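# Per-entry structural report
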Amino acid sequence: MPDKPAYKRILVKLSGEALMGEDSYGINQAVIERIVGEIGDVAKLGVEIAVVIGGGNIFRGVAPAAAQMDRATADYMGMLATIMNALALQDAMRRANIISRVQSALNVEQVVEPYIRGKAMRYLEEGKIVIFAAGTGNPFFTTDTAAALRGMEINAELVLKATKVDGVYSADPKKDKSAVRYKSLSFDEAIVKNLKVMDATALTLCRDQKLPINVFSIFEPGALKRVVMGADEGTMVHA
């Protein structure tokens, strides 16, 4: 492994489901502490880190009722769930002596500060971890799209999609034992083959701005650090 990071500034897309661990709902404290530990190890290398967090772990508890809701209303509920996760992640970082700031695309100033690009950039330059909540602030857009958008806005060199599997496979590895992991893919391949790397809007944004994506397992110890160091980890999606 190289002796210094391959990237100076990264954005990590962390799904809400990742915070559940093996639980069916909510936040698993041991899991969030371990994820914070992985992020902290990378921060010690001098890498500037932003995080976009999802809300599926909380929203899935109301998903059956949301199926009958207006789509925009359901999406706003999902955004609020991401704010809850962002606060939990920030608190876990505080306990680990990691300084972080939460910025929300929805205006809830009594709880977290609003998203302001200039302040986010300054926090990153100061070595603080910035957690972006509430997606893009608009319904009909996923947190994948928010990750692509924020990654471009903060001039990140790489978007890392933290998942439960160690990369992008030709088929579902749990169902198909012959499925193989792609070491690298072009954006066009990922879109044409519908490989579920990210949603099509996020992939197109990253392709057009030549912002690479690495899909890796957040549950593999040290994987985040290995990706940042430039090791062969996960699947790299690039122009």
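Structural data are supplied above this passage.
Residues numbered from 1 in each chain as written. Predicted model: local features only at pLDDT ≥ 70, side-chain atom pairs only at ≥ 80, totals over all residues. Heavy atoms only, no water.

### Brief notes about the sheet that holds strand β5 (residues 129-133)
Picture the strands of a sheet paired through backbone hydrogen bonds; they go either parallel or antiparallel. With mixed pairing, nine strands are arranged side by side in an open sheet as β4-β3-β5-β2-β1-β6-β10-β11-β9. Each having just a single partner strand, β4 (113-114) and β9 (184-186) make up the two edges of the open sheet. Direction of pairing for strand β3 (residues 100-104) relative to β4: parallel, over a ladder of two bridges. Its bridge partner being in β4, Gln 103 is matched across the sheet by Glu 113. Together, β1 (9-14), β2 (48-53), β3 and β5 form the strand contacts of helix α4 (residues 71-95), whose direction differs from that of β5 by roughly 165 degrees. (Pairing = 2+ DSSP bridges. Helix = DSSP H or I, 4+ residues; strand = E, 2+ residues; numbered from the N terminus. Contact = heavy atoms within 4.5 Å. Axes fitted to C-alpha atoms, helices over the stretch in contact; angles between N-to-C directions.)

### Remarks on the pattern of salt bridges
The full count for this structure, using the stated rule, is 17 salt bridges. Ionic pairing is found between Arg 95 and Asp 91, a salt bridge with its closest N-O pair at 2.4 Å. Of the two residues, Arg 95 and Asp 91 both sit in helix α4, four residues apart, roughly one turn of that helix. In this structure Arg 95 comes out as partly exposed when scored by relative accessible area, which is 39%. (Salt bridge = Lys/Arg side-chain N within 4 Å of Asp/Glu carboxyl O. Buried < 20%, exposed > 50% of the residue type's maximum accessible area, 1.4 Å probe, protein only.)

### Re the packing of helix α6 (residues 143-153) against helix α8 (residues 200-209)
Interhelical geometry of α6 versus α8 gives an angle of 20 degrees and a closest axis separation of 7 Å. Classified by the angle between their axes, α6 and α8 sit roughly parallel to one another. With respect to the hand of their crossing, α6 and α8 are arranged in left-handed fashion. Contacts between α6 and α8 involve Asp 144, Thr 145, Ala 148 and Met 152 from the former and Thr 201, Ala 202, Leu 205, Cys 206 and Gln 209 from the latter. The residue makeup of the contact of α6 with α8, split by class, is five nonpolar, three polar and one charged. (Parallel < 35°, antiparallel > 145°, perpendicular 65-115°, else oblique. Left-handed = near helix turned anticlockwise from the far one by under 90°. Nonpolar A, V, L, I, M, F, W, Y, C, P; charged D, E, K, R; others polar.)

### Concerning the pairing of β3
With four of five residues buried, β3 lies mostly within the body of the structure. Sheet topology places β3 next to β5; five bridges connect them, and they run parallel. From the neighbouring strand, Gln 103 faces β5, where its bridge partner is Phe 132.

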